[in-house]
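Per-entry structural report
Given next are the chains, with one letter for each unit.
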Amino acid sequence: MTDRTTGEQASTGAKGPDELRRQIEQTRSELGDTVEELAGKMDVKGRARARAADLRDKAGALTVQLRSSAAQAGHTVHDKATQAGHKVQDRAVQAGHKVQDRAVEAGHKAQDRTLRAGEATQDGAARTGRELEHRAQHSVPAPVRPVVLAAIRHPRPVLIVGAAVIAVAVVSWRYPKK
């Protein structure tokens, strides 16, 4: 007979009652283990429960792994969305700068046109003033000439005095003395 634990050939003869008892005890123990193994193999319900518990543990581990993967994917998507948002923001800022530059350029062009138009108007007014002075010098009678030239050079006071004279004339005409 072969010893299961050591794989050595068991001695068949006992050398005394103590050794015989020891061999009997060892054989009982081995027989108990064998019966227990056979009972475990025959216990289909218990094996199914053990297999179900094993599968449950694997499913739990897989669930944890899937949740971790989903969380990592979520972080990746968040990071990419943030990067895309920054790119859009940068492009919007660049477009804003371009629009601002074009607006400033258009403002400068309008200002230049207005300045040229103002200068042209001023030149025209100066020419007209010189023409009026020339005509006043040559065609206005000498006694009135200084007043006309003063009116040409400083029109505002002349207009005010003229308006006052007209107002006095209208009032005098409208309300004559009795």
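Residues numbered from 1 in each chain as written. Predicted model: local features only at pLDDT ≥ 70, side-chain atom pairs only at ≥ 80, totals over all residues. Heavy atoms only, no water.

1. Description of the overall build of the protein chain
Cut-off, in case you're wondering: Each helix is a run of DSSP H or I of at least 4 residues and each strand a run of E of at least 2, with the numbering of both proceeding from the N terminus. Both definitions apply: the radius of gyration is a C-alpha atom measure, and the globule rule equals 2.2 Å times residues to the power 0.38. Exposure is judged per residue with a 1.4 Å probe applied to protein chains only, and the accessible area is read against the type maximum: over 50% gives exposed, under 20% gives buried, and values in between give partly exposed. For this analysis, residues touch if any pair of their heavy atoms sits within 4.5 Å. All accessibility values rest on the Shrake-Rupley procedure with a 1.4 Å probe; residue burial counts only the protein chains present in the view. The charge count includes Lys and Arg as positive and Asp and Glu as negative, but it does not include His or the ends of the chains. Every charge is mapped onto a representative atom, which is NZ of Lys, CZ of Arg, CG of Asp or CD of Glu.
Along the backbone of the protein chain there are four helices and zero strands. Reading the secondary structure of the protein chain in the N-to-C direction produces α-α-α-α. Its C-alpha atoms give the protein chain a radius of gyration of 60 Å, clearly above 16 Å, the size a compact globule of 178 residues would have. For the protein chain, with 178 residues in total, the buried portion stands at 4%. A fraction of 9% describes how many contacts in the protein chain between residues 6 or more apart in sequence connect residues 24 or more apart. About 15,900 Å² of surface is accessible on the protein chain, with carbon and sulfur atoms providing 60% of the total. Counting 30 positive and 21 negative side-chain charges, the protein chain places the averaged centre of each group 23 Å from the other.

2. As for the environment of Ala110
For Ala110, the location among the structural elements is in helix α2 (residues 44-139). Residues Ala110 and Val171, 61 residues apart in the sequence, show an inter-C-alpha distance of 49 Å.

3. A few points about the confidence of the model for the protein chain
Let me state the cut-off plainly: The pLDDT value tells you how sure the predictor is about a given residue, anywhere from 0 up to 100.
Confidence along the protein chain averages 85 in pLDDT terms, with 92% of residues attaining 70 or more. Looking at the elements of the protein chain, mean pLDDT is at its lowest for helix α3 (residues 145-153), recorded as 78, and at its highest for α2, recorded as 89.

4. Some words on the pattern of salt bridges
Inclusion rule: For salt bridges, the criterion is a side-chain nitrogen of Lys or Arg within 4 Å of an Asp or Glu carboxyl oxygen.
Enumeration over the complete set of coordinates arrives at five salt bridges. One salt bridge connects Arg22 with Glu19, and the closest N-O pair in it is separated by 3.9 Å. With Arg22 and Glu19 both in helix α1 (residues 17-42) and three residues apart, the pair spans about one turn of that helix. By relative accessible area, Arg22 is classed as partly exposed at 46%. In the salt-bridge network here, residues are joined through shared partners; they are Arg51, Asp54 and Lys58.

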